[in-house]
Amino acid sequence: MSKRYTITAALPYTNGPIHIGHLAGVYVPADIYARYKRLTGNDVAFICGSDEHGVPITIKAKKEGVTPQDIVDKYHANIKKSFEDFGITFDNYSRTSAKIHHDTAQEFFKTLNDKGEFIEDVTEQLYDAEANQFLADRFVTGTCPKCGNEEAYGDQCESCGSSLNATDLINPKSAITGNVPSLKETKHWFLPLDKHEKFLKEWILKDHKKDWKPNVYGQVKSWIDDGLRPRAVTRDLDWGIPVPASGGEGKVLYVWFDAPIGYISSTKEWAAREGKDWEPYWKDKDTKLVHFIGKDNIVFHCIIFPAMLKAEGSYILPDNVPANEFLNLEGKKLSTSKNWAVWLPDYLQDFPNMQDVLRYALTANAPESKDNDFTWKDFQARNNNELVAIFGNFINRVVVLTNKYYEGVVPEASEFSEIDNETLAAIKAYPAVIESSIERYRFREASQELMSLARLGNKYLADEEPWKLIKTDEVRTKTILFVALQISSALATLCEPFLPFTSTKLKDILSVSSSGVQNQWPDISTKDVLLPSGHQIGKGELLFSKIEDKTIEEQLEKLEASKRANEAANKTIEPQKDIITFEDFTKLDMRVGTILEAEKMPKTKKLLILKVDTGIDIRTIVSGIAESFTPEEVVGKQVTVLVNLAPRALRGVESEGMILMTETAEGKLVFVNPGTTVKSGLQIS
Ligand SMILES: [Zn+2]
């Protein structure tokens, strides 16, 4: 029964922290699967690492004025730590800037090159003469030839999901300078995907028609039906893995060539540390290779990487690629650049020791077959109505009653009633039911099966009412609590893949972590007694606690703030006003002034009464800035004053001029002033 599994989770890209979209799409289902495979006695290598090459990292580094290495060091540490804190049980978390990865990727390339599996070709590529650089991937944007999206990238259109070559784009534009690129000749290595079309058709469209998810199968089919073309596996860039071939100077491996090889190098790193042989995990035909990814990576894991593995010749191919669809947040697409996300480090800080709540909410509502929506209200409901009201409530009642009636000792059962026997038989059926869902990569269904076992326990107690029977039938009460404790013990083991922190807590409460009554996954369906009479359990502690409306409102307010900032940033720029003559302009007399005094206009929110030294005189100006500044803040400030504006009375105070202001993205007013202190009264022209 025991099998070897190589389970990979998409390498996160190191240009930002992890958010709930990544977790729901890839890391939570992958971790449930890996934990479940370990619990059922298999040999598991659960592999991941940071993807540290590619154009977006170099663009980000340029923007921030640091090196690409600075960027990847920062986010690699951030991502690795938040995965650990969230309980994702990678056997190894590596990074593609590691030497072992550079060596492995170069060796892979050399093998393919030596076998004649590449086409070397000089082609015309987009070139930005001003930046002195070839433009590929994210360095170039333009119109998608398939769907007309005007913001497609040189490698992919995010609107229709097409994978593109930079030269496919209509009206290409350099992302570095904004220039229209020219064409220039350069040599590259191409993987002839068309050559592998026949094998891919056989292997996926025929052999995996039944066991791959329809969303994955459908995407692959449409790509193959479209016709596959040779794809460049090298790039003219300076950040990445140098091309190990003559003529490859100044070129690196395409990030999508090196990244999946990262699974192999991470396995090597792990095996070396553990004193194991890495090769069976990638080359033994009895090993099951499973890639967990999001839907944007399907082409790379189902077409390009398998073609590479096949061309190399000594590797196994994935058994399944259970890609998920996308998760939205409160009805809108998750976006790193718009800060429309729930970031994992923020969640861990705002909800300490509540990892399982997010794991559960994301699994119960996973985007397995279609895009799905995360809402804070649903998160709260999953916690309050399911984890607290069903799972937590059941365990709490069992533990409290056992302590109250029997000083925490599991009581003796006497004769079982029909309901008892049905209940005990139902427990035994649960492992197979949950397994069946997990084996088909239906994790939300599996999580609901787990919850139905807790529901069964809750109903059993509610129907049998031991708290009433204790007064009339002590023997029966003992049997009821014995049965309820068996359910609790089954839950402690079966919840581990889904709610690992809860599993540990519950095992502590039942005192089964270190004693001889610890159950393995298969025991739940084979053993008649999971928690024997006479066993001493511990004192209760609540497994879950209610989340109040206030907490949810705070999270929604955070998102509202993001929305406001985005709206402000995208505020439409007012169109230019009518042309004026130079003569018109010279009519405006603008001077540098200094604010000497300020006070609030009584009974108004917006107005300050200012005394301003204009250099000509000291005069009163009423200004609508009180919502952005206190009087104390503005005294001493140098400002720009339009001094020859006709005076007018505001709330009975005559205002003699106007102070020039503008507004930040957040709506705060700011003064337009000279960058350095100058003499009051200087003219602005
Ligand atoms: Zn498109």
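What counts, and at which threshold
Residues numbered from 1 in each chain as written. Predicted model: local features only at pLDDT ≥ 70, side-chain atom pairs only at ≥ 80, totals over all residues. Heavy atoms only, no water. 1 Å grid on protein atoms, 1.4 Å probe; cavity = no way out; pocket = protein on both sides within 12 Å on 5 of 7 lines; lining within 4 Å. Points joined across faces, edges and corners; volume = space filled by probe spheres on them. Helix = DSSP H or I, 4+ residues; strand = E, 2+ residues; numbered from the N terminus. Phe/Tyr/Trp six-rings, centres within 6.5 Å; stacked < 30°, edge-to-face > 60°. Buried < 20%, exposed > 50% of the residue type's maximum accessible area, 1.4 Å probe, protein only. Donors = N, O, S within 2.8 Å, 3.2 Å for Na, K, Ca; no water. Tetrahedral: all angles 85-135°; square planar, octahedral: opposite > 155°, others 65-115°. Nonpolar A, V, L, I, M, F, W, Y, C, P; charged D, E, K, R; others polar.

(A) Region of interest: empty space enclosed by the protein. Summed over the entire model, instances satisfying the criterion amount to four cavities of 30 Å³ or more. Estimates place the volume of the largest cavity at around 70 Å³. Forming the boundary of the largest cavity are L191, R231, A232, V233, Y254, W256, F257, I304 and M308. Those elements giving two or more residues to the lining of the largest cavity turn out to be β10 (230-232), α7 (255-274) and α9 (298-312). Reported here for the second largest cavity is a volume of approximately 50 Å³.

(B) Representation of the packing of aromatic side chains within the structure. Tallying each qualifying case throughout the model produces 40 aromatic pairs. For the ring pair Y27 and F90, a centre distance of 6.4 Å and an interplane angle of 90 degrees mean the geometry is edge-to-face. Taken as a pair, Y27 in helix α1 (residues 20-39) and F90 in the loop between α3 (68-86) and β3 (92-95) lie far apart in primary sequence, 63 residues in all. Among the residues examined, Y27 registers a relative accessible area of 3% and is labelled buried. Considering the side-chain rings of Y441 and F443, the 6.4 Å spacing of their centres and the 65 degrees angle between planes classify their relative orientation as edge-to-face.

(C) Structural view of the coordination of the zinc ion. At the metal site, the zinc ion is ligated by C144 (SG), C147 (SG), C157 (SG) and C160 (SG), and these contacts range over 2.2 to 2.4 Å. Considering all four donor atoms around the zinc ion, angles at the metal cover 105 to 113 degrees and the coordination shape is tetrahedral. Counting residues between consecutive donors of the zinc ion along the chain gives the motif C-x2-C-x9-C-x2-C. You can call C147 partly exposed: its relative accessible area is 38%.

(D) Region of interest: the layout of surface pockets. Of the volumes computed, that of the second largest pocket is approximately 400 Å³. If you trace the second largest pocket, you find 17 residues lining it, with D211, K213, R440, Y441 and R442 closest to the centre. Looking at the lining of the second largest pocket residue by residue, the classes come out as four nonpolar, three polar and ten charged.

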